[in-house]
Amino acid sequence: VRGYRGIALESHAAMFVDGEGRLSSAPSEELEYLKKTGIDDYLFAAVRAAAAGGATERREALLLISTRLAAEAEAASEPAKDGGLRRRGVRAVKESPAAEVAAPEEVEEPSSGGGGGVAGALRLVCERTGWLAFFLCGLLLCERVMHSFGALLEREIELAFFVPLIIGHGGNSGGQAVSTVIRSIGRRSPSASEAISTVATEALAGALQSLLLGCLVGPALHFFLDTSRAVSTVMATTLPLLGLFSNCTGAMLPFLVTWAGLDPAVIVGPLMTTLVDTLGLMIYLSVATATLVHGS
């Protein structure tokens, strides 16, 4: 009862369930308040009977409630039908030999999406084009980054060969963090401390997994692809830093966008890609400058 979110009983379960999960007595005024919240009549009657009766009545009432909640959970988990419309309702369930509860009226909820046809497509265009234009302007910063490190790229042409690898790895690593965090937010709204803990965990995971990959990629580039030792060292050094930044960004953006009241499904992915592509490229070329220019 306490863990089920589908009915009004959950918000007031503490009035009727003790620490061990047993139904406990409740004053009549609390029962009347619960009645006003919209709880079903038979559940209200069951709680009243549990409060007034003995152990047998309480067991029967708890059985009635748990059976109904299980039926609602089963009905809610059924796959969508009727062209994307999801039906919520409860089939008739016999909770006790004396009564059979009829199913409430089914409520249809429209499935998510932009709608069908030309009108739906135009609405999506209006909603998304502005954001895409903004992110496109951000991606143009990559050209400025490449231009600012032009002398280094002319000197070490091998560095340019691995720019797609760097950009792709950053997007892949950050994308994993984005998917994980959005799925977590979809289940429940996390607190600020939980968000900070999640971002820190994802950042550490990104650094460690990219460190492992860097230890594999660096030697592979040098011994199997005939890449210079200096550039192979740059790649092995850049990957952990890029993984740390990508995962931290990918984990942080869904929380910030959600708390700002925007749609993370539309904004977070392109925004993460824009930031990781631009700043990841800057990290890569900065490491190359420190290793190849100042190091030499």
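Right, let's get into the packing of helix H8 (residues 163–187) against helix H10 (residues 229–259). Each pair of packed helices can be summarised by the angle the axes make with each other and by the distance between the axes. At a closest axis distance of 8 Å, the pairing of H8 and H10 adopts a crossing angle of 35°. Crossing of H8 over H10 shows right-handed handedness. Of the residues in H10, those touching H8 at Leu 165, Ile 166, His 169, Gly 170, Ser 173, Gly 174, Ala 177, Val 178, Val 181, Ile 182 and Ile 185 are Met 235, Thr 238, Leu 239, Leu 242, Gly 243, Ser 246, Asn 247, Gly 250, Ala 251, Pro 254, Phe 255 and Thr 258. Classifying every residue of the contact of H8 with H10 by side-chain character gives 13 nonpolar, ten polar and no charged.

The tally for this structure, following the rule as stated, stands at two salt bridges. For Glu 127, the salt bridge is made with Arg 123, and the minimal N-O distance between the two is 2.5 Å. One end of the pair is Glu 127 and the other is Arg 123, both in helix H4 (residues 117–139) and four residues apart, which spans about a single turn. Since its relative accessible area comes to 43%, Glu 127 is described here as partly exposed. With a shortest N-O distance of 3.4 Å, Arg 144 and Glu 143 are connected by a salt bridge.

To continue, consider the side chain of Thr 238. One can find Thr 238 in helix H10. Setting aside chain neighbours within four positions, we find Thr 238 in contact with Ile 166, Ile 283, Tyr 284 and Val 287.

About the cut-offs
Residues numbered from 1 in each chain as written. Predicted model: local features only at pLDDT ≥ 70, side-chain atom pairs only at ≥ 80, totals over all residues. Heavy atoms only, no water. Axes fitted to C-alpha atoms, helices over the stretch in contact; angles between N-to-C directions. Helix = DSSP H or I, 4+ residues; strand = E, 2+ residues; numbered from the N terminus. Left-handed = near helix turned anticlockwise from the far one by under 90°. Contact = heavy atoms within 4.5 Å. Nonpolar A, V, L, I, M, F, W, Y, C, P; charged D, E, K, R; others polar. Salt bridge = Lys/Arg side-chain N within 4 Å of Asp/Glu carboxyl O. Buried < 20%, exposed > 50% of the residue type's maximum accessible area, 1.4 Å probe, protein only.

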